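Understanding the architecture of this molecule
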Amino acid sequence: MRCTLLLLPVLLLLWQPASAQDAHYWSNNYGPGVFLTPGSVIASNRDSGVLFYNPALLSLSNKDRLAISSISANIYNLESIKIRNGAGTGRHLRSQSVRIIPQMLSGSISFGKKAPVVIAYALINAPGIRFQSSQRRDEKINVLDDSYSPGTEYFVGDYVIENRVSETSALLGTGFRLSPRLSAGFSMEAAIHQQRYNVNTNGRALANRDIDSSSLPLVSSEAYYLANYVHVGLRFKAGLAYSAGRHHLGLMLTSPLVHLWGRGSIVSDYMLSNIREAYSGVFYDFMASTRQESLKARWKMPLSIAAGYAYDYGRGQLYFATEYFLRIKDYNILTPRNEAFVRPDTGDNRTLTTSLIRLHDARTSVINFALGISYVLKPNITAYCAVRSDMSYADSGEFENLTGYEAFTAHWNNYHLALGANFKRQKFNFRTGFLLAYGHTGAYPQDVNFDQPDEDNLLLGNPVNTVARRFSAGFMLSYIHNL
């Protein structure tokens, strides 16, 4: 038993998947780099009277009376993700989803005449990743040691993964003028963040009976992990906006997320059956299982600093924005209790529970850039075009150790393109456009690789880095009504 306990950390480390949230800050189509979406700017782009990412711009209403405006926006979106050779050569992991995404529902009220104060409110949906995929190898190959099972064996390997992330925010902000050219604003945002991460891996081989293996015909390893949590947090923004003729500047500071409440659960099962240790020749059987509910959940967002510049030219405007996000050190989103996990439960092995099945997160610092241009085609029609980077903060080097499960799937960097137009009428504006995104990485870490399964790698193969691509296309419809 002592030898078995010493071997447990090694065996369980072989089971740890490399990935589990799309690891991006600018994936939402309401943000400082979209430009096409109403209010998605840091420096003034003359969209008066709507909710602004930089709350200081709320004060730039050109109305001289009490005014109320409302915005609604929906996105019809197609997303496709392909991880080439994700579970071994030719075993690609693919995931497609088609969604109608309610992007934003907001309104604002303007008080005052010469120096208006604007109060805005909004519900914003920031859809995250929807990744579901599976792969399988089912054939006769040589996976067990020939000393007791000569020749090829019947082998079946399965891999199933699901990762769903979503976030909904309620926002309240105000903006006011400090001088004819300088404005300030503040906003408060309550965010509900949800994630479901599920991974299931199995490797099984039927040992040959040619010699003396009839007593252990089935060799297998199985691992199951399911994490669910909901987190509620609060963050604050402070912004400044300056306009002088054709030049417009904006600066914004966003606080880290303040934890309010979070709950989650973890279900985890590990099992080994007749796994032969190469050096000693000893066969191991192993079982670990737990279900833990009402766990405290903690989700973090870092401090960020954003800046924007807009320049009015002839019949349009040029726009530039950037935002820098600080790094986040390794922390647990879900921390399991030190309850019974490895069986038989001796009490000594309970200290392994927290480190082995925790859901944790760590992020490298990220900086994103955006460039946009608008052009007035007609007095009532304005065209928009914007490109932006959306860099991934997923970096395994930020973790203090790799035990447990990492809370992201998207190791790729995304690049976005937005094209569209605004149609202006006396009482409303109608804005529509296309939103395209492409992501790529050549260093996506596999969880399993069924190319060469054997007992040394628990019949799950030797994972390597591979290529992953993401493509997303959306059609946006937004409506701004001035009452």
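Our structure is the block above this text.
Attention here is on the structure that accompanies the text.

Reading the values: the criteria
- Residues numbered from 1 in each chain as written.
- Predicted model: local features only at pLDDT ≥ 70, side-chain atom pairs only at ≥ 80, totals over all residues.
- Heavy atoms only, no water.
- Phe/Tyr/Trp six-rings, centres within 6.5 Å; stacked < 30°, edge-to-face > 60°.
- Helix = DSSP H or I, 4+ residues; strand = E, 2+ residues; numbered from the N terminus.
- Buried < 20%, exposed > 50% of the residue type's maximum accessible area, 1.4 Å probe, protein only.
- Lys NZ or Arg CZ within 6 Å of the ring centre and 35° of its normal.
- Pairing = 2+ DSSP bridges.
- Salt bridge = Lys/Arg side-chain N within 4 Å of Asp/Glu carboxyl O.

1. Things to note about the packing of aromatic side chains
- This model, assessed by the stated rule, comprises 19 aromatic pairs.
- Look at Trp412 and Tyr444: their rings are 6.2 Å apart centre to centre, the planes differ by 25°, and that puts the pair in the stacked class. Highlighted residues: Trp412 in the loop between β17 (405–406) and β18 (413–424) and Tyr444 in strand β19 (residues 428–445), separated in sequence by 32 residues. Residues Trp412 and Tyr444 agree in their burial class; the two are buried.
- When the ring of Phe423 is compared with that of Phe430, the centres are 6.5 Å apart and the planes differ by 35°; the resulting orientation is tilted.
- The side chain of Arg363 reaches across the aromatic face of Trp299, ending 4.5 Å from its centre.
- Taking the ring centre of Tyr393 as reference, the NZ or CZ of Arg363 above it sits at 4.6 Å.

2. Considerations on the pairing of strand β10 (residues 304–313)
- Residue alternation in β10 divides its side chains into a buried set, Ser304, Ala306, Gly308, Ala310 and Asp312, and an unburied set, Ile305, Ala307, Tyr309, Tyr311 and Tyr313.
- Here strand β7 (residues 247–254) pairs with β10 via 8 bridges, running antiparallel. Paired with Leu249 across the two strands is Tyr309, which belongs to β10.
- The pairing of β10 with strand β11 (residues 316–325) spans 10 bridges and is antiparallel. Paired with Tyr309 across the strands is Phe320, a residue of β11.
- Following β10, the chain reverses through 2 residues before pairing antiparallel with β11; Gly314 in that reversal takes a positive phi of roughly 35°.

3. Quick notes on the environment of Tyr444
- Overall, the relative accessible area of 4% leaves Tyr444 in the buried class.
- With 34 residues separating them along the chain, Tyr444 and Ala410 place their C-alpha atoms 8.6 Å apart.

4. Re the pattern of salt bridges
- This structure, assessed with the given rule, holds 15 salt bridges.
- The salt bridge partner of Arg136 is Asp138, with a shortest N-O separation of 3.4 Å.
- The exposure class assigned to Arg136 is partly exposed, which follows from its relative accessible area of 42%.
- Where Arg136 meets Asp158, a salt bridge forms, and the shortest distance between an N and an O atom there is 2.9 Å. You can see Arg136 sitting in strand β3 (residues 117–141) and its partner Asp158 sitting in strand β4 (residues 153–177), a full 22 residues away along the chain.
- Overall, the relative accessible area of 16% leaves Asp158 in the buried class.

5. Section: the sheet that holds strand β14 (residues 359–363)
- The 3 strands are arranged β12-β14-β17 in an open sheet whose pairing can be described as mixed. Because the sheet does not close on itself, it has two edges, and the strands there are β12 (328–334) and β17.
- In this structure, β12 lies alongside β14, joined through 4 bridges in antiparallel fashion. The residue bridging Ile328 from the neighbouring strand is Arg363, located in β14.

These figures come from the coordinates and say nothing about function on their own.
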